[in-house]
Structure formats: structure tokens, C-alpha cells
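# Structural features, examined
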Amino acid sequence: MASPTANPNVLRFVDETAARLHPDKVVWIDGSEKEAKWISDTLVADGTFVPLNKEKFPNCFWSVSDPSDVARVEDRTFICSRSQEDAGPTNNWCEPREMFKRLSSLMESCMRGRTMYVVPYLMGPDGSPYSRVGFELTDSLYVVANMRIMARIGEVALKNLPNNSNEFVRGIHSIGNLDPEHRYICHFPEYQTIVSFNSNYGGNALQGKKCFALRIASTLARRQNWLAEHMLILGITNPKGEKQYFCAAFPSACGKTNLAMLIPPEGYKKAGWKIETVGDDIAWLNFGSDGRLWAINPEAGFFGVAPGTSYKTNPNAMDTIKSNTIFTNTALDLDTMCPWWEGLGEPPPHLKDWMNREWSPASKTKAAHANSRFTAPARQCPCIDPEWESPRGVPISAIIFGGRRARTAPLVYEARSWRHGTFVGVTMASETTAAATGKVGELRRDPMAMLPFIGYHAGDYFQHWLNMGQHGGDKMPRIFHVNWFRQDETGKFLWPGFGENIRVLEWIFNRINGTAGARESALGLQPRMEDLNVAGLGLTQKATDELFAIYLEDWAEELESQENFLKKIGTKLPGDIWMEHYGLRQRLGIIA
């Protein structure tokens with residue numbers, strides 16, 4: 001097949017890869033609708049895709065993966081920087097030449113008998129100076145189908161790459177034989193290269209997602225003075241028609257997608273409040289000509305967790321996935337040919353589970369895998385922001401951090417400065433739920449919700465955040481911390497969450513425009529009762545007080561946990577972060 005590009009660097013990369021992996025043929029992906037139909041028809045014919053109900057889920061497909069290949073594999077994920085110190089204590093490291101040698105041996109001729117698809121893809125809006133181009137060479141047509149949704153692929157990517165440019169991310173992916181013992185997800189920052197082998201799962205195989213958009217992009221961002229972050233982007237409009245854009249970073253199981261697509265309660269909707277989605281997972285933040293941070297969503301789709309998503313929890317997501325969507329490892333209702341998962345109500349009587357077995361409500365296992373996914377085009381989201389594909393991005397007024405904390409963290413507080421806000425992000429933590437591996441209630445540190453995705457030394461990453469603040473000065477976004485999950489002594493949530501979270505967003509909005517007050521606390525600036533609208537929630541005074549209480553015994557444990565984590569970062573932990581930690585100790589009166 002003739003190449004659609006004359007770029008010698010791209011052609012060399014494709015030819016050299018084909019010479020090593022020996023595919024039977026090479027097919028260039030152009031991103032056309034005609035090609036999309038051929039892809040889905042081929043996947044249906046080989047049994048990878050099952051077509052869903054054409055009336056209820058037009059152009060949607062159901063698929064299952066190998067049972068050993070259902071999630072990201074952090075223990076098989078490597079940062080292959082030349083220096084081990086550059087990878088830091090939070091990443092698995094391997095010397096690049098050693099890893100290239102290991103992969104070369106494992107992958108020799110691995111595409112023999114298969115087709116190698118060349119997928120040019122664009123991360124970010126067409127024509128944006130902040131967008132980046134990548135190439136994924138893969139033997140998985142399933143990956144191609146998903147990449148078509150998650151990124152802008154084919155001709156649009158080639159159009160955004162100058163003819164002689166060498167500034168693109170090189171990606172090689174092969175299903176291999178799905179051997180989990182030889183599964184590798186490898187990143188080579190100095191070479192802008194990604195190699196993934198023996199996995200066909202989204203986060204491992206869709207290289208534009210976590211591999212490029214966070215791990216490789218974070219290293220580019222450090223060199224080029226921008227930020228690549230695991231953050232949603234939303235637009236919020238008040239009744240006066242004023243609009244602000246916020247980014248937010250939460251660990252898993254903390255309501256990130258629900259916040260990105262929040263539907264305000266009826267009273268707020270009638271008053272004129274509106275939430276619109278720019279992105280649900282990743283933000284690239286660059287300095288604009290006005291000196292502010294502007295964000296783009298580098299992705300074109302949503303790769304969402306299905307279980308727990310419903311019309312009760314996230315109606316916008318449910319409407320988004322009604323067409324042109326791939327469902328992976330959910331259950332399948334055999335009577336209606338519709339996808340099903342736990343959280344949608346009573347299970348239908350005749351299901352196939354995620355392992356392709358007959359399943360009934362009497363079965364003792366769950367029908368859908370806990371990490372089952374939908375891959376859906378972002379453009380279909382009913383609340384998609386009109387600026388979501390703007391080449392310049394959207395201006396960010398606030399960055400929100402948050403975790404799941406039963407007692408320690410109050411409902412909301414504002415950082416005093418960018419440095420203090422960076423410390424708040426660095427020390428962010430969340431308690432595990434039953435859906436996560438490990439002990440329920442176990443505290444896990446997850447700085448900026450980026451711990452598995454920082455492509456270099458975490459201490460250098462924290463310093464980069466501080467440097468960005470020095471560069472942007474007083475034009476940097478304000479930083480806040482939220483906790484929707486505070487509980488009373490019986491374990492009941494004190495805050496209703498979901499759509500009611502707009503009440504907290506309203507306070508943040510008004511703090512930025514100077515119309516909301518706050519009081520000083522040891523943690524930062526917290527709303528006074530008159531600053532936060534809680535009307536109609538039925539909160540008792542005790543519950544309200546509890547939402548904002550700071551208990552010294554809890555914070556004594558928290559500070560010890562913080563200190564232990566910060567020490568693990570080593571000598572590269574910025575002194576400013578230690579100063580903020582000791583400042584918090586002094587304000588709380590808890591001196592080690």
C-alpha cells in the first residue's frame with residue numbers, strides 16, 4: 001500500500017519496524033468513514049465484535065478481552081530513561097538499550113502472518129499549536145477501532161506534521177500471544193518512543209491515552225514549559241452569563257467523570273447555571289499570549305468505566321454512549337442485544353457475562369468486569385462545551401484537587417498561593433473502596449492524581465509545578481481541595497454529592513470573581529456558612545459543622561503519613577514542599 005506521507009522520518013520508522021516484525025502486509029489508516037465501516041465489518045466477521053441492537057445502540061459493538069488482560073499493569077510498566085535517577089522512586093526503570101534488546105528478542109517476527117496497521121494520530125484539536133502527532137504501528141484491528149474514537153486519526157494527523165519534522169511520538173504495539181509473564185508497557189522519554197507488547201487492553205494498547213498523553217507528554221511538558229495532567233476540564237456559567245473554566249484531578253472512585261458531566265439540580269438549572277464538558281480525563285495546559293494557562297483536551301473520546309454509570313449517576317454519559325460506541329467486558333443482554341453492567345438496576349434474565357459465559361441473576365459472580373469500559377466519541381456528549389475543539393484551548397481559572405476521605409479533609413478549602421496549592425496537590429490522598437485492589441479504607445498517596453503517570457522523577461515533577469507558578473505569577477489559576485466523601489460517626493455521607501456539588505463549584509466561581517468570602521483555617525481558606533448555599537439540603541447544624549471540622553488527632557496521623565511519603569521522594573523533593581509541610585504542622589500546633 002502506498003504511503004500517504006513523504007516525511008522521511010516517518011517512512012524510516014515504518015520500514016525499520018516492518019523489517020524487524022515481519023508483517024505479511026502494511027496498511028496505512030486514513031481515518032475515513034468508509035474505512036471505519038470496513039474495520040467494524042472485519043471485526044464482526046472474525047468474532048471480535050458483536051453488533052448491538054441497531055435501534056437502541058446504532059453502530060455499537062460488544063467485545064470481550066482475554067481474562068488476563070483487563071486493566072493497566074503498573075508492575076509491567078517501565079520508564080526507560082538513560083539515567084535511573086531520572087525515572088525516580090515512583091516508576092519501574094530499565095536502561096533503554098537493555099529494554100530495547102529484551103523487546104527485540106521477544107518481538108522478533110511477532111507480526112508474521114498478521115497485518116501491521118500504521119495509525120497516524122493527532123492528540124489535540126486540529127490546527128492547535130499545542131497538539132502533538134504520534135504514530136502507532138499495531139497488529140490489532142481492535143486497537144485501531146478504539147484509536148479512531150479516542151484520537152483524531154489518519155489524514156488529519158498527517159496534515160499537522162510538517163513534511164520533514166522528526167517531532168512525533170513513535171509507537172509500536174503487538175498483541176503477541178498475550179503472555180502476562182512477558183507483558184511490557186515501555187516508555188523511552190529521550191527517544192519519544194512507546195512499545196507495548198502482549199496486551200490488547202485500552203490503557204496499555206491505546207498508546208495515545210496514558211502512554212503518550214501523560215507519561216511521554218509530561219516529559220515534553222517539563223522541557224517545553226507546559227503541563228500534561230490527569231485532569232478533567234469543565235466550563236461553568238452563572239446566571240449572569242459569566243463563564244469560567246476549571247480543571248480537576250481526582251484519584252479513581254472519586255467522581256471525576258460525574259463532575260466533568262455534572263447536571264445541576266433543578267433550582268440551579270432554572271436560575272441559569274450550566275456545566276459543560278471540555279474533557280473528562282486529561283488536560284494539557286500551556287501559557288497563552290495573555291500569560292494565563294489555557295487547556296486543551298488532547299483526546300477525542302471518552303474511555304469510561306461502565307459499572308456504576310447510570311441515568312441516576314451520570315445521565316450525560318449514558319446519552320453519550322447510545323451510538324458509535326465500543327463496549328468491552330460488560331455483560332450482554334441476549335434478549336435485547338444491549339450491553340448491561342452492575343449499577344443499571346435489576347439484571348435481565350438472560351445474559352452473557354464478560355467472560356462470554358451464560359449468566360443469570362442466580363450466578364455468584366458479577367456479570368460485567370469491574371473495569372469494563374465504553375469507548376465513545378466526545379462529540380456525542382450532550383453537555384460538550386462549544387470550545388472543546390478550539391485550537392487555542394480554554395482559559396483556566398481554578399484547579400481543584402480532591403480525594404475520598406471519611407474524616408480528615410473538609411468539604412472544600414482554597415490554597416493560599418500557588419506554592420501552597422502545589423503542596424496540596426503533592427500530598428493528595430484517597431481511601432480505597434471495595435472496587436479497588438487492597439484493603440478497604442487503606443490510604444494511598446496520589447500526588448495530582450498522577451502517581452502512575454509521571455514520566456520522570458516525581459521530585460522534578462513537583463519542582464516543575466513550582467517553576468510554572470513562578471513563570472505565571474499572579475495570573476496562575478487558584479487552587480482548591482474538595483472532599484465529597486466526609487462521613488458521620490455511623491458511616492453515612494454528610495454531603496449529598498452528584499449534582500449538588502455545583503454548590504461548591506459556585507463558591508469557587510465566586511471566590512475567583514471576588515464575590516464570595518472565606519475564613520482562615522490551618523488548611524487554607526474555607527467558606528463561612530453564609531458563603532456556601534446549603535438551602536434545601538436538609539443539613540443539620542451538626543452535619544454542617546462536621547463537614548468543615550478539623551480534628552487534630554486525625555491530622556496528627558495525616559502529617560505523619562505525609563512525611564513518610566515525602567521522604568520516599570528523596571533528595572529531589574523541593575525544599576518549598578517541606579516548608580509547606582512544616583508550615584501546616586505549625587498552624588495545627590502538631591510539631592514532630
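In this text the structure is predicted, and so the values were computed from the model without any measurement.

In this section: the overall build of the protein. On a plain count of helices and strands, the protein comes out with 17 helices and 31 strands. Whereas a compact globule of 592 residues would reach a radius of gyration of roughly 25 Å, the protein reaches 24 Å, a difference of no more than 12%. By principal-axis analysis of the C-alpha atoms, the protein measures approximately 70 × 55 × 45 Å. Relative to its 592 residues, the protein shows a buried fraction of 61%. Counted over contacts in the protein with a minimum sequence separation of 6, partners at least 24 positions apart contribute 72%.

With respect to topology, four strands assemble into an open sheet ordered 21-20-22-23, the strand pairing being antiparallel. Here the strands that pair on one side only, and so sit at the sheet edges, are strand 21 (338-340) and strand 23 (358-359).

In an α-helix, one turn spans 3.6 residues, which is why side chains three or four residues apart end up on the same side. Here helix 4 (residues 96-107) spans 16 Å end to end across twelve residues, near enough to the 16 Å set by a 1.5 Å rise per residue. Structurally, helix 4 contributes buried residues whose contacts are with helix 1 (8-21), strand 4 (77-79), strand 9 (169-174), strand 10 (184-188) and strand 11 (193-197). With a side-chain oxygen lying 2.9 Å from the backbone nitrogen of Arg97, the N-terminal cap of helix 4 falls on Glu95. Note on helix 4: the residue one or two positions beyond its end, Ser109, has a positive phi of about 60°.

Right, let's get into the layout of surface pockets. A volume near 820 Å³ is recorded for the second largest pocket. Taken together, 35 residues line the second largest pocket, and the ones lying closest to its centre are Glu33, Ala36, Asn59, Arg148 and Arg379. Grouping the constituent residues of the lining of the second largest pocket by class yields 19 nonpolar, five polar and eleven charged.

Burial analysis of strand 15 (residues 274-279) places five of its six residues in the buried class, which makes it a mostly covered element. Note that strand 13 (residues 232-237) and strand 15 share five bridges and pair antiparallel. Bridge pairing in strand 15 links Ile236 to Ile275.

Right, let's talk about the nonpolar core for a bit. Of all hydrophobic cores here, the largest spans 150 residues; its most connected members are Trp284, Phe401 and Trp465. Counting residues in each nonpolar core, the second largest holds 30 residues, with Trp28, Cys94, Tyr184 and Val195 among its members.

All right, on to the pairing of strand 9 then. Of all six residues in strand 9, six are buried, a share of seventy percent or more. Alternating positions in strand 9 separate into two faces, Val169, Gly171 and His173 on one and Arg170, Ile172 and Ser174 on the other, with burial throughout. In terms of strand pairing, strand 7 (residues 132-138) meets strand 9 through five bridges, oriented parallel. Residue pairing for strand 9: Glu136 is matched across the bridge by Gly171.

Taking 1.5 Å of rise per residue, 14 residues should cover 20 Å, and helix 1 covers 20 Å from first to last C-alpha, within 8% of that figure. Residues of helix 1 that are buried: Asn9, Val10, Phe13, Val14, Thr17, Ala18 and Leu21. An end-on view of helix 1 places all buried positions within 165° of arc, on one side of the element. Of the exposed residues in helix 1, those oriented more than 90 degrees away from the buried face are Asp15 and Ala19. With a side-chain oxygen lying 2.9 Å from the backbone nitrogen of Asn9, the N-terminal cap of helix 1 falls on Asn7. Looking at the residues trailing helix 1, positive phi occurs at His22, about 55°.

All right, on to the sheet that holds strand 2 (residues 50-51) then. Within the open sheet, the five strands sit side by side as 2-3-19-24-18. Their pairing is mixed. Here the strands that pair on one side only, and so sit at the sheet edges, are strand 2 and strand 18 (301-305). Both strand 18 and strand 24 (residues 373-377) contribute to a ladder of five bridges, which runs antiparallel. Among the inter-strand pairings, Gly301 is bridged to a residue of strand 24, identified as Pro377.

Along the chain, Arg76 falls in the loop between strand 3 (61-63) and strand 4. No salt bridge is formed by the buried Arg76; its nearest oppositely charged neighbour, Asp75, is found at 5.5 Å. Here Arg183 takes part through its backbone oxygen, which lies 2.8 Å from a polar atom of the side chain of Arg76.

What follows covers the confidence of the model for the protein. With 98% of its residues at a pLDDT of at least 70, the protein reaches an overall mean of 96. Below pLDDT 50 for its whole length, residues 434-438 participates in four contacts with residues either more than four positions away or in separate chains.

Glancing now at the packing of aromatic side chains. When we look at a pair of aromatic rings, we describe it by the centre distance and by the angle of the planes. Counted by the stated rule, this structure contains 22 aromatic pairs. Between Phe49 and Tyr142, the ring centres sit 6.4 Å apart and the planes meet at 75°, which makes this aromatic pair edge-to-face. With Phe49 in the loop between helix 2 (33-45) and strand 2 and Tyr142 in helix 5 (residues 141-150), the pair connects residues that are 93 residues apart, well separated along the chain. Comparing Phe49 with Tyr142, the two get one shared label, buried. Taken together through their ring pairs, the aromatic side chains of Tyr121, Phe212, Trp226 and Trp284 make up a single cluster. When the ring centre of Tyr184 is taken as origin, the NZ or CZ atom of Arg76, which lies over that ring, is 4.6 Å away. The side chain of Arg407 reaches across the aromatic face of Tyr551, ending 4.7 Å from its centre.

The interhelical angle for the contact between helix 16 (residues 552-569) and helix 17 (residues 575-588), taken along N-to-C directions, is 165°, at an axis separation of 11 Å. Taken together, the axis directions place helix 16 and helix 17 in an arrangement best described as roughly antiparallel. Seen from above, helix 16 lies across helix 17 with left-handed handedness. Along the contact surface, helix 16 presents Leu552, Trp555, Leu559, Glu560, Gln562, Glu563, Leu566 and Lys567, while helix 17 presents Ile577, Trp578, His581, Tyr582, Leu584, Arg585 and Leu588. Within the contact of helix 16 with helix 17, the residues separate by chemical class into nine nonpolar, two polar and four charged.

A few words on empty space enclosed by the protein. By the definition in use, this model includes two cavities of 30 Å³ or more. Roughly 150 Å³ of volume is contained in the largest cavity. In this structure, the largest cavity is lined by 16 residues; those nearest its centre are Tyr413, Thr427, Trp555, Glu558 and Gln562. Elements supplying a minimum of two residues to the lining of the largest cavity: helix 12 (418-426) and helix 16. Of the pockets and cavities examined, the second largest cavity occupies roughly 40 Å³. Taken together, Met123, Met147, Met150, Ala151, Leu206, Gly208, Lys209 and Glu299 make up the full set of residues lining the second largest cavity. Elements with a contribution of two residues or more to the lining of the second largest cavity: helix 5 and helix 8 (208-224). Tallied by class, the residues present in the lining of the second largest cavity amount to five nonpolar, one polar and two charged.

The rules we used
Residues numbered from 1 in each chain as written. Predicted model: local features only at pLDDT ≥ 70, side-chain atom pairs only at ≥ 80, totals over all residues. Heavy atoms only, no water. Helix = DSSP H or I, 4+ residues; strand = E, 2+ residues; numbered from the N terminus. Rg over C-alpha atoms; globule rule 2.2 N^0.38 Å. Buried < 20%, exposed > 50% of the residue type's maximum accessible area, 1.4 Å probe, protein only. Contact = heavy atoms within 4.5 Å. Pairing = 2+ DSSP bridges. Expected span 1.5 Å × (residues − 1). Polar contact = N/O pair within 3.5 Å; in protein donor to acceptor, adjacent residues only side chain to side chain. 1 Å grid on protein atoms, 1.4 Å probe; cavity = no way out; pocket = protein on both sides within 12 Å on 5 of 7 lines; lining within 4 Å. Points joined across faces, edges and corners; volume = space filled by probe spheres on them. Nonpolar A, V, L, I, M, F, W, Y, C, P; charged D, E, K, R; others polar. Core = buried A, V, L, I, M, F, W, Y, C linked by side-chain atoms within 4.5 Å. Arc of directions from axis to C-beta. Lys, Arg positive; Asp, Glu negative; His and termini not counted. Salt bridge = Lys/Arg side-chain N within 4 Å of Asp/Glu carboxyl O. pLDDT = per-residue confidence, 0-100. Phe/Tyr/Trp six-rings, centres within 6.5 Å; stacked < 30°, edge-to-face > 60°. Lys NZ or Arg CZ within 6 Å of the ring centre and 35° of its normal. Axes fitted to C-alpha atoms, helices over the stretch in contact; angles between N-to-C directions. Parallel < 35°, antiparallel > 145°, perpendicular 65-115°, else oblique. Left-handed = near helix turned anticlockwise from the far one by under 90°.

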